[in-house]
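Chain and residue survey
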Amino acid sequence: MPELDPVFARAQLLDRIGAAARAAGRDPGEITLTAVSKQQPWDAIGPVLAAGHRVFGENRVQEAQGRWAGRRDLPGLELRLIGPLQSNKADDACALFDVVETVDRPKLLRTLAEVRDRTGGPLPRLFVQVNTGEEPQKAGVTPQDADGFLREAREVFGLEVEGLMCIPPQEEEPALHFALLRKIAARNGLARLSMGMSDDYETAVRFGATHVRIGSALFGARAPAPATATPS
Ligand SMILES: *Cc1c(COP(=O)(O)O)cnc(C)c1O
């Protein structure tokens, strides 16, 4: 049994998200809780799904396939890729996910456009990841490259981007990063912001998040990542 009751935790999180929204003069209905199910046992995820939750985030394509491919027909299910996408996994990712939040480099724009042209099918909806802290080990376009990258996506590859995503540096005040992401989104006419995790989602809501990505505060501590898996 997980130490946390995920169904109870979900209800509490939705209450707190709603309260944070109202305190900021926002409509709670603007904010979606993305339940981050990576590395969580089905014992924790199943009850949340049964309670009506439908939006889930995963950070590895293969792991997500194992968990969700057989459940893809579930009405209303929305799967969001929140981890880095390697070009060689793009076909699988486009087949499984409704949203890819981690578009982060020109090569991936090209790959996604190729998948679209080859399959003729609609692509997942796209968010661009911005490396707001300009951390060398972290994925994402830099804040100063973001406008050009968004223009390239649209004008060179015909890709519609619907929002931005960021993961602030662990040791910094997240509010500064959320404010920066909001500013980049506003000047590019983007209405959706994926930001805020277990420890800072209320701050993110105050700064305009439309999607908060919550794992451990919902499902409990994660199992360690499988050592053999390559990043996807
Ligand atoms: C794992 C992960 C989360 C969830 O983190 P918690 O702190 O457990 O809420 C959110 N976003 C991304 C990109 C992640 O990889």
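All of these numbers come straight from a predicted model, not from anything done at the bench.

1. A short note on the pattern of salt bridges
Scanning the entire structure with this criterion turns up 15 salt bridges. Across the pair Glu78 and Arg80 runs a salt bridge whose closest N-O atoms are separated by 2.7 Å. Summarising the burial analysis for this pair, Glu78 and Arg80 share the class buried. Close ionic contact of Glu101 with Arg80 constitutes a salt bridge, the shortest N to O distance being 2.7 Å. You can see Glu101 sitting in strand β4 (residues 99-103) and its partner Arg80 sitting in strand β3 (residues 78-81), a full 21 residues away along the chain. You can call Arg80 buried: its relative accessible area is 0%. Residues participating in the shared-partner salt-bridge network are Glu78, Arg80, Glu101, Arg125, Glu162 and Arg192.

2. A word on the packing of aromatic side chains
Taken as a whole and assessed by the stated rule, the structure comprises two aromatic pairs. Between the aromatic rings of Trp42 and Trp68, the centroid separation amounts to 5.5 Å while the plane-to-plane angle is 70°, which identifies the pairing as edge-to-face. Placement of the pair is Trp42 in helix α2 (residues 42-50) and Trp68 in helix α3 (residues 61-68), with a sequence separation of 26 residues. The interplanar angle of 40° and the centroid separation of 4.7 Å between the aromatic rings of Phe56 and Trp68 together place this pair among those described as tilted. Highlighted residues: Phe56 in strand β2 (residues 55-58) and Trp68 in helix α3, separated in sequence by twelve residues. Take Phe56 and Trp68: they sit in the same class, and that class is buried. Three or more aromatic residues link up through ring pairs in this structure, and these residues are Trp42, Phe56 and Trp68. Directly above the ring of Phe127 sits Arg80, whose terminal nitrogen or CZ lies 5.0 Å from the centroid.

So, how was this worked out
- Residues numbered from 1 in each chain as written.
- Predicted model: local features only at pLDDT ≥ 70, side-chain atom pairs only at ≥ 80, totals over all residues.
- Heavy atoms only, no water.
- Salt bridge = Lys/Arg side-chain N within 4 Å of Asp/Glu carboxyl O.
- Buried < 20%, exposed > 50% of the residue type's maximum accessible area, 1.4 Å probe, protein only.
- Helix = DSSP H or I, 4+ residues; strand = E, 2+ residues; numbered from the N terminus.
- Phe/Tyr/Trp six-rings, centres within 6.5 Å; stacked < 30°, edge-to-face > 60°.
- Lys NZ or Arg CZ within 6 Å of the ring centre and 35° of its normal.

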